[in-house]
Amino acid sequence: MGTDYKDRIQQLRRELSEHNRRYYVDNAPSISDYDYDMLMNELIALEKEHPELVTADSPTQRVGSDIEVQADGGESGVSREFAHLPHRYPMLSLGNTYSMQEVKEFVERASKGIEDEFSFSCELKFDGTAICLTYENGILTRALTRGDGTIGDDVLNNVRKIKSIPQKLSGEGWPASFEIRGEIYMPYKAFDALCKEREDAGEVPFANPRNAASGSLKLLDSAEVGRRGLECTLYHMLADELPFETHAQALKAAKSWGLPVSEKSRICYSLKEIEDYINYWDTERKLLPFATDGAVIKINELDIQKHLGFTSKFPRWAVAYKFKAEQALTEVRSIDYQVGRTGAVTPVANLQPVPLSGTTVKRATLNNAEWMEQLDIRVGDWVYVEKGGEIIPKITAVELSKRPLIAQKPQFPSNCPDCGTPLVRAEGETKWFCPNQWGCPTQVKEGLVHFLGRKAMNVLAGDATVAQLYELGLVKVSADFYKLSFADLYRLEGWKEKSCQRFLDSLQKSRKTGFEHVLFAIGIRNVGETTAKSLARHFGSIDALSSAGKEELMAVGDIGEIIADSILKYFASPVNQDNIQRLKEAGLQFSMVAEGPKDNVLNGGSVVITGTYSISRDQMKELIEAHGGKASGSVSAKTLYLLAGEKPGPEKIKKAQELGVAIINEANFYEIVGEKSVVIEEKELTLF
Ligand code: IVH
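Residues numbered from 1 in each chain as written. Predicted model: local features only at pLDDT ≥ 70, side-chain atom pairs only at ≥ 80, totals over all residues. Heavy atoms only, no water.

*Asks:* Explanation requested: the overall build of the protein in the structure shown.
*Replies:* For the protein, the count of helices and strands is 24 helices and 21 strands. What you see for the protein is a C-alpha radius of gyration of 26 Å, in line with the 26 Å of a compact globule of 688 residues. C-alpha extents for the protein along the principal axes are approximately 75 × 70 × 60 Å. The proportion of buried residues among the 688 residues of the protein is 51%. At a minimum sequence separation of 6, the contacts of the protein that also span at least 24 residues come to 69%. (Helix = DSSP H or I, 4+ residues; strand = E, 2+ residues; numbered from the N terminus. Rg over C-alpha atoms; globule rule 2.2 N^0.38 Å. Buried < 20%, exposed > 50% of the residue type's maximum accessible area, 1.4 Å probe, protein only. Contact = heavy atoms within 4.5 Å.)

*Asks:* In this structure, what is going on with the sheet that holds strand S21 (residues 662-664)? I would like to understand it.
*Replies:* Whenever strands of a sheet pair, they do so through backbone hydrogen bonds, lying parallel or antiparallel. Spatially, the 4 strands line up as an open sheet ordered S19-S18-S20-S21, and their pairing is parallel. Bordering the open sheet on either side are strand S19 (630-632) and S21, each of which pairs with just one other strand. Ignoring strand direction, the axes of neighbouring strands in this sheet form an average angle of 30°. (Pairing = 2+ DSSP bridges. Axes fitted to C-alpha atoms, helices over the stretch in contact; angles between N-to-C directions.)

*Asks:* Explain the site of the ligand here, please?
*Replies:* The environment of the ligand is made up of 15 residues, and the closest members are Glu123, Lys125, Arg146, Glu183 and Tyr235. At a separation of 3.0 Å, a nitrogen atom of the ligand approaches a polar backbone atom of Phe126. At a separation of 2.7 Å, an oxygen atom of the ligand approaches a polar side-chain atom of Arg146. Against a free-state accessible area of 530 Å², the protein chains account for coverage of 92% of the ligand. (Near = heavy atom within 4 Å. Polar contact = N/O pair within 3.5 Å; in protein donor to acceptor, adjacent residues only side chain to side chain. Areas by Shrake-Rupley, 256 points an atom, 1.4 Å probe, with all protein chains shown as cover.)

*Asks:* Please clarify how the sheet that holds strand S5 (residues 139-145) should be interpreted in this entry.
*Replies:* One open sheet accounts for 4 strands, arranged S5-S4-S7-S8; its pairing is antiparallel. Each of the sheet's edge strands pairs with one partner strand only, and the pair in question is S5 and strand S8 (231-238). Averaged over neighbouring strand pairs, the angle between their axes works out to 30° when direction is ignored. Sheet topology note: the strand S4 (residues 129-136)/strand S7 (residues 177-185) ladder contains 8 bridges and is antiparallel. Paired with Thr134 across the strands is Glu179, a residue of S7. The sheet contacts of helix H6 (residues 209-217) involve S4, S5 and S7, and relative to S4 the element is tilted by about 45°.

*Asks:* Teacher, can you tell me more about unusual backbone geometry here?
*Replies:* Trans peptide bonds make up the majority, and among non-glycine residues the majority have a negative phi. Even without being a glycine, Asn137 presents a positive backbone phi close to 50°. Even without being a glycine, Lys647 presents a positive backbone phi close to 50°. Position of Lys647 among the secondary structure elements: in the loop between strand S20 (639-644) and helix H23 (650-659).

*Asks:* Is there a simple way to think about the environment of Glu117 in this case?
*Replies:* Within the secondary structure, Glu117 is located in the loop between helix H3 (100-111) and strand S3 (120-126). Once the C-alpha coordinates of Glu117 and Glu301 are considered, the two residues, 184 residues apart in sequence, prove to be 9.7 Å apart.

*Asks:* What am I meant to see in the packing of H3 against helix H9 (residues 271-284) here?
*Replies:* Working note: a packed helix pair is described by the angle between its axes plus the distance between those axes. Between H3 and H9, the least distance of the axes is 11 Å, while the angle of their chain directions is 140°. Our classification of the angle between H3 and H9 gives oblique. Of the two possible hands of crossing, H3 and H9 adopt the one that is right-handed. Only Leu271, Ile274, Glu275, Ile278 and Asn279 of H9 make contact with H3, whose side of the interface consists of Met100, Val103, Lys104 and Val107. (Parallel < 35°, antiparallel > 145°, perpendicular 65-115°, else oblique. Left-handed = near helix turned anticlockwise from the far one by under 90°.)

*Asks:* How should the packing of aromatic side chains be read in this particular structure?
*Replies:* The description of two aromatic rings rests on the distance between their centres and on the angle between their planes. The tally for this structure, following the rule as stated, stands at 21 aromatic pairs. Between Tyr34 and Tyr98, the aromatic rings sit 4.9 Å apart at their centres with planes inclined by 80°, giving edge-to-face as the arrangement. Pair noted here: Tyr34 is in helix H2 (residues 33-49) and Tyr98 is in the loop between strand S2 (96-97) and H3, with a separation of 64 residues, a long-range link. Judged by relative accessible area, Tyr34 falls into the partly exposed class, the value being 30%. Take Tyr98: its relative accessible area is 17%, and that puts it in the buried class. Through pairs of rings, three or more aromatic residues link up here, namely Tyr135, Trp174, Phe178, Phe244 and Trp257. The positively charged end of Lys324 is found above the aromatic ring belonging to Tyr34, 4.4 Å away from the centroid. Positioned above the aromatic ring of Phe433 is the side chain of Arg525, whose terminal nitrogen or guanidinium carbon lies 4.2 Å from the ring centre. (Phe/Tyr/Trp six-rings, centres within 6.5 Å; stacked < 30°, edge-to-face > 60°. Lys NZ or Arg CZ within 6 Å of the ring centre and 35° of its normal.)

*Asks:* Where do I start with the pattern of salt bridges in this structure?
*Replies:* Pairs can form between side chains of opposite charge once their charged atoms are near each other. Inspection of every chain in the model, using the stated rule, returns 26 salt bridges. Between Arg181 and Glu179 there is a salt bridge, and its shortest N-O distance comes to 3.1 Å. Each member of the pair, Arg181 as well as Glu179, is classed as buried. Taking the shortest distance from any N to any O, the salt bridge between Asp336 and Arg363 comes out at 3.3 Å. With Asp336 in strand S12 (residues 327-339) and Arg363 in strand S14 (residues 359-365), this residue pair connects regions lying 27 residues apart in the sequence. Taken together, the shared-partner salt bridges connect Glu373, Asp376, Arg378, Asp381, Arg403 and Lys409 into one network. (Salt bridge = Lys/Arg side-chain N within 4 Å of Asp/Glu carboxyl O.)

*Asks:* What exactly am I supposed to notice about the nonpolar core here?
*Replies:* Across soluble globular proteins, nonpolar side chains show a tendency to be buried alongside one another. In this structure, Phe481 and Leu519 are the most contacted members of the largest nonpolar core, which totals 51 residues. Within the residue set of this core, elements represented by two or more residues are helix H12 (441-452), helix H13 (463-471), helix H15 (497-510), helix H16 (515-521), helix H17 (529-539), helix H18 (542-546), helix H20 (561-572) and helix H21 (574-585). (Core = buried A, V, L, I, M, F, W, Y, C linked by side-chain atoms within 4.5 Å.)

*Asks:* I would appreciate a short explanation of helix H22 (residues 617-626) in the present structure.
*Replies:* A turn of α-helix holds 3.6 residues, and therefore any two residues three or four places apart point the same way. The complete set of buried residues in H22 reads Met620, Leu623 and Ile624. For H22, the arc enclosing every buried residue in end-on projection is 100°, short of the 170-degree limit, so these residues lie on one face. H22 presents Asp618 and Glu622 as exposed residues on the side facing more than 90 degrees away from its buried surface. Phi turns positive one or two residues past the end of H22, at Gly628, with a value near 85°. (Arc of directions from axis to C-beta.)

Structure below.
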């Protein structure tokens, strides 16, 4: 019982890291912001109770990362190939709350000990993807995504295609060199047009405008970025010396230089005015042509901002008040039961179309049989739908007062809606499954689509192509893709020389895809992207993995009994063994290839070392210099990283936290500089 909280802390960290990845890297979150924030709050509370367990890489201490660290050469329309550049100033996130009481506490905390009159800048919280622009002598010279807050992806070429962002400033009075940060977002109109286009092309639409914006910003084809209708709003100027006294003056000047700045901000002088601003926009935002998810309250005076400083993750001078997800009330017309790649059957309600947060909702998930029971849902009921991060919104409650007299209670099917096989439910599982893994057409097709997917083999093909290849009997297992000839593809409806060649080229390129992606692609149940990566790194090859026993598998961090059993089951199947053999013969990567070091990634930045490492401090200094950094002994606002080894100096940690300098551990450092050859065990770092 005594160590339960330790397990819970570990579990929350794992879950939050996975959700960070889905949100920032995949642009495909699987839980709502609200649910995410609740998990984060639980972890914050546990770490507060047990400060001795706080680690530098806990999600409470780090901002989520949108950087993809990969070793393969796969390519589709979305890039894995942007240069990673360090931020001049750490790019932090905001502390957030759903409670007005906490806004009050923020105002009180911030006001403590400040004698002079001061004000707050209240702004909309734009729901897009963060961007950091650098202007030198009035010219746009850099555009970085947030990345992990210390290193971002260089997306300048794409940002140049966004019309509202000037390449050259107008007016006068700008600092010779400054950064301005903001949000790139996709207005609803552009989002709807893009979703329609993708649906027509048989592609999966984006879940929401935020994902569409960050997905679009990471496209390889800049011309396509230009067509997507992205917009930008800027809300935070930074420089070594800013010639302004307040944040509002800085933004006013930015506007006069031609930079896009929101018109909806307001300067407030009291809690009452802040509350009025929040309440007004909580309603009024529904009429805006773009998505917002809250209000941001910032201290307006720059000297007070400086005095309050930062924690390792947030400024102490700002807070975000998040609006609760919008709900809509509508009628259930019918319920479908959908089979997925793993055979899981999910009930989905077809609804009377209803507008919700800028789009029209027609379908909503009912999760599983248990949730249906709990809701006691009937066809004909009126239900509340809410949009989380998912593509399909969820039904959260039934409005019993509107239940019609004759409302039919739905019957969860006992047989697979696709192939008719009796469904099974394992002990402890909430989902019913179709066990006909090799014969159920939907499962096979979904498995093939998964194999080609962007995070897997990254082959350019939509669901409709896979369906045709399957129905013509050309592809039954993934290895069949690599046997396809030009003539086979030419048989597909609507395919000409060009499309056939493009598909073959894309397959050819996929042969170089890194082992970790291949391992994810082959679709072992319960092995998601992150698990595939840990397994690939731990075992190094498919042969080592497939011959590992249960104990060996469970020795890998994060692998529990359920995943270990799935892996064993997968490799025990002759169909899988045969498919893997054929994929090997087709030339796919079934072992890890070491990634080369990145020469100048530190770009002149200073790295302060503290504590001990698995190599000597001198060797560590050499490594820092070899990657273009300067090794230094003391932390200042200009420090790029504090590299904390074992037993780090508490003073340095404290100073770095105060100044908002990124604290990284040895493993993080090797990842940043691409030194995979240095083998270390990941050690937990205790902060003081
Ligand atoms: S200020 C150091 N202002 O929300 C403070 N952020 O959830 C920098 N955001 O990281 C942020 N609208 O990406 C600020 N008016 C606004 C914003 C805003 C949207 C984003 C931003 C931030 C995130 C936190």
